[in-house]
Amino acid sequence: MAKKNISSTDAVHAGEPKTKAFDAVPSPIVASATYTFESSAEIVRHTEGTHERPHREEYGRYGNPTSRAVEERLAALEGTEDAVLFSSGMAAISTAAMALLKHGEHVILFGDCYRMTRELVEGTLARFGVSHTIVPAVDVAAIAHALRPETRLVMSESPTNPYLRCIDLEKLVLACKQKRGLKTLVDATFATPVNCRPAGFGIDLVVHSATKYLGGHHDVLAGVVCGTQPLCSLVRDLRGVLGNVADPHAAFLVGRGLKTLALRVRKQNESALAIARYLEGHSAITRVFYPGLPSHPDHETARAQMTGFGGVVSFIVKGGLDAARGLVDRMELARIAPSFGGVDTLVEQPAIMSYYEMSSEERAAVGIDDGLVRLAVGIEEPEDLVADLTRALA
Ligand SMILES: *Cc1c(COP(=O)(O)O)cnc(C)c1O
């Protein structure tokens, strides 16, 4: 049940109404910051909650028809009751965390996570009096030791960045059940509902940077929080306060991206697996990190809970920083840029991109090898990408 992930049919149709405004096939972009009422009586019905259309719009910061249509589709794809769209992935994660946590409470965060998520927990939330414990990636047993009476939220990514660690979702949910009121949040950006649907395992909130696979074309920043109706309602209310709502044009691009999500992600799964296998057999490569390889520490977990392993392959090039730089510079199809999940193949070196201001020793301490390269596979033909790598590694 939990393992049944979305198909191309779902990606095209799930959560879509049969008919739309102006008989259009896609949901139109409603570029409106505010919405009219026919009379003061209608405003009263709206504010009292007796309006015949309970979801009629009022003001752009609280919602927009284009965004709502995308939210309904995202909820259907993730298998949750509701979804809330944001201006970026970080807006989604920070608003979800802030909606659930208050001064004096405690959050457990799994390591090997997105740098700004770590910054949110260690910097921003700490400044507002929320304490934290950071536990090693995927180490579910560490929860029991980290739990405090005031622990309210456990946050993990799966797969993680850059080592693609996959946490056992079933065990995670079980470990958090010990404590009443404790919520789980999983950032499933690397998985997408094509490969894994954490809500099916009992995860409370599933978040995505829609900037990556969901949008899929490197042309929009957005984020989403998916979950039960009451939790999404809390998150949506805080979005109305913080104002980090998605612009309707951005929402439209996410909605368009979703149509091809399953097609793209399946292609990326296949290509990345082929490339990971190729790299693992190459003498210039020390180590490959890809959950689809039996050599990956979480291969069994990934196989049990995912139907594909994603489009990102991380690997260590022999010869450290300079060897990795040489490879990245010699690649032709893969362009040098942060991010992943889009149609173009991108390549980056965490040591000189996300972790630039650290010394080599500091990077080693947080587990970032100087020779580490992250290849974000696009939808080009895998043979062409392997040929590009072969040339660049020669
Ligand atoms: C990119 C990313 C984010 C942040 O998303 P933005 O859309 O850039 O704000 C959060 N989590 C993960 C896993 C990401 O890859």
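To continue, consider the nonpolar core. With 86 residues, the main nonpolar core has Ile143, Leu172, Leu279, Val313, Phe315, Leu327 and Leu375 as its most contacted residues. Looking at which element gives the most residues to this core, the answer is helix H11 (residues 261-280), with eight residues. Residue contributions to this core reach at least three from each of two domains, namely domain 1 (8-259) and domain 2 (261-393). The residues touching Val313, leaving out its near neighbours within four places in the chain, are Ala272, Ala276, Leu279, Val288, Phe289, Tyr290, Val373, Arg374, Leu375 and Val377.

By the definition in use, this model includes two cavities of 30 Å³ or more. For the largest cavity, the calculated volume is near 40 Å³. Surrounding the largest cavity, Ile93, Leu109, Cys113, Thr117, Met155, Ser156, Glu157, Leu185 and Asp187 form its lining. Of all the elements in the fold, those that place two or more residues in the lining of the largest cavity are strand E4 (151-157) and strand E5 (183-187). By residue number, the principal contributor to the lining of the largest cavity is E4, which donates three residues. A breakdown of the residues in the lining of the largest cavity according to their chemical character gives five nonpolar, two polar and two charged. Reported here for the second largest cavity is a volume of approximately 40 Å³. Around the second largest cavity, the lining residues are Leu74, Leu77, Glu78, Pro193, His208, Leu214, Val224, Cys226, Leu258 and Leu261. When contributions to the lining of the second largest cavity are tallied by element, the ones reaching two or more residues are helix H3 (65-78) and strand E7 (223-227). At three residues, the largest contribution of residues to the lining of the second largest cavity is made by H3. Residues belonging to the lining of the second largest cavity are distributed by class as follows: eight nonpolar, one polar and one charged.

What follows is about the site of the ligand. Every one of the 14 residues lining the ligand counts as a neighbour, but Gly89, Asp187, Ser209, Thr211 and Lys212 are closest to it. One of the backbone nitrogen or oxygen atoms of Met90 is found 2.8 Å away from an oxygen atom of the ligand. Between the ligand and Ser209 there is a distance of 2.8 Å, counted from an oxygen atom to a side-chain nitrogen or oxygen. For the ligand, the protein covers 93% of the area, taking 380 Å² as the surface of the free molecule. Here the shell around the ligand gets three residues from one element, more than from any other, and that element is helix H4 (residues 89-100).

Before going further, it helps to examine helix H7 (residues 169-177). Residues of H7 that are buried: Leu169, Leu172, Val173, Ala175 and Cys176. In a view along the axis of H7, the buried residues occupy a sector of 160°, so they form one face of it. Away from its buried face by more than 90 degrees, H7 exposes Glu170, Lys171, Leu174 and Lys177. Here the buried face of H7 lies against strand E2 (106-110), helix H6 (142-146), E4, E5 and helix H12 (299-305).

On the surface, a nonpolar cluster with roughly 270 Å² of combined accessible area is contributed by Met98, Val241 and Leu242. One can find Leu242 in helix H9 (residues 229-242). According to the relative accessible area criterion, Leu242 is partly exposed, its value standing at 41%.

The next subject is the domain arrangement of the protein. Entries for the protein in the domain assignment read domain 1 (8-259) and domain 2 (261-393). If you average the C-alpha positions of domain 1 and of domain 2, the two centres end up 27 Å apart. Counting from both sides, the interface comprises 34 residues of domain 1 and, opposite them, 40 residues of domain 2. For the pair domain 1 and domain 2, the summed buried surface comes to about 3100 Å²; carbon and sulfur atoms form 58% of the total. The largest per-residue losses of area from domain 1 upon contact with domain 2 belong to Tyr163, Asn195 and Tyr213, which jointly make up 25% of the total buried on that side. Run the count over domain 1 and domain 2 and you get two salt bridges. Summed over the shared surface of domain 1 and domain 2, the number is 23 residue pairs in polar contact (both at pLDDT 80 or more). Those elements giving two or more residues to the side of domain 1 that touches domain 2 turn out to be helix H1 (8-13), helix H8 (192-195) and helix H10 (248-259). Of the residues that constitute the side of domain 1 that touches domain 2, the class distribution is 18 nonpolar, eleven polar and five charged.

Conventions we followed
- Residues numbered from 1 in each chain as written.
- Predicted model: local features only at pLDDT ≥ 70, side-chain atom pairs only at ≥ 80, totals over all residues.
- Heavy atoms only, no water.
- Core = buried A, V, L, I, M, F, W, Y, C linked by side-chain atoms within 4.5 Å.
- Buried < 20%, exposed > 50% of the residue type's maximum accessible area, 1.4 Å probe, protein only.
- Helix = DSSP H or I, 4+ residues; strand = E, 2+ residues; numbered from the N terminus.
- Domains from an automatic or database assignment.
- Contact = heavy atoms within 4.5 Å.
- 1 Å grid on protein atoms, 1.4 Å probe; cavity = no way out; pocket = protein on both sides within 12 Å on 5 of 7 lines; lining within 4 Å.
- Points joined across faces, edges and corners; volume = space filled by probe spheres on them.
- Nonpolar A, V, L, I, M, F, W, Y, C, P; charged D, E, K, R; others polar.
- Near = heavy atom within 4 Å.
- Polar contact = N/O pair within 3.5 Å; in protein donor to acceptor, adjacent residues only side chain to side chain.
- Areas by Shrake-Rupley, 256 points an atom, 1.4 Å probe, with all protein chains shown as cover.
- Arc of directions from axis to C-beta.
- Patch = residues over 30% accessible without salt bridge, like charges linked within 9 Å, V, L, I, M, F, W, Y side chains within 5 Å.
- Salt bridge = Lys/Arg side-chain N within 4 Å of Asp/Glu carboxyl O.
- Buried area = accessible area lost by both parts, 1.4 Å probe.

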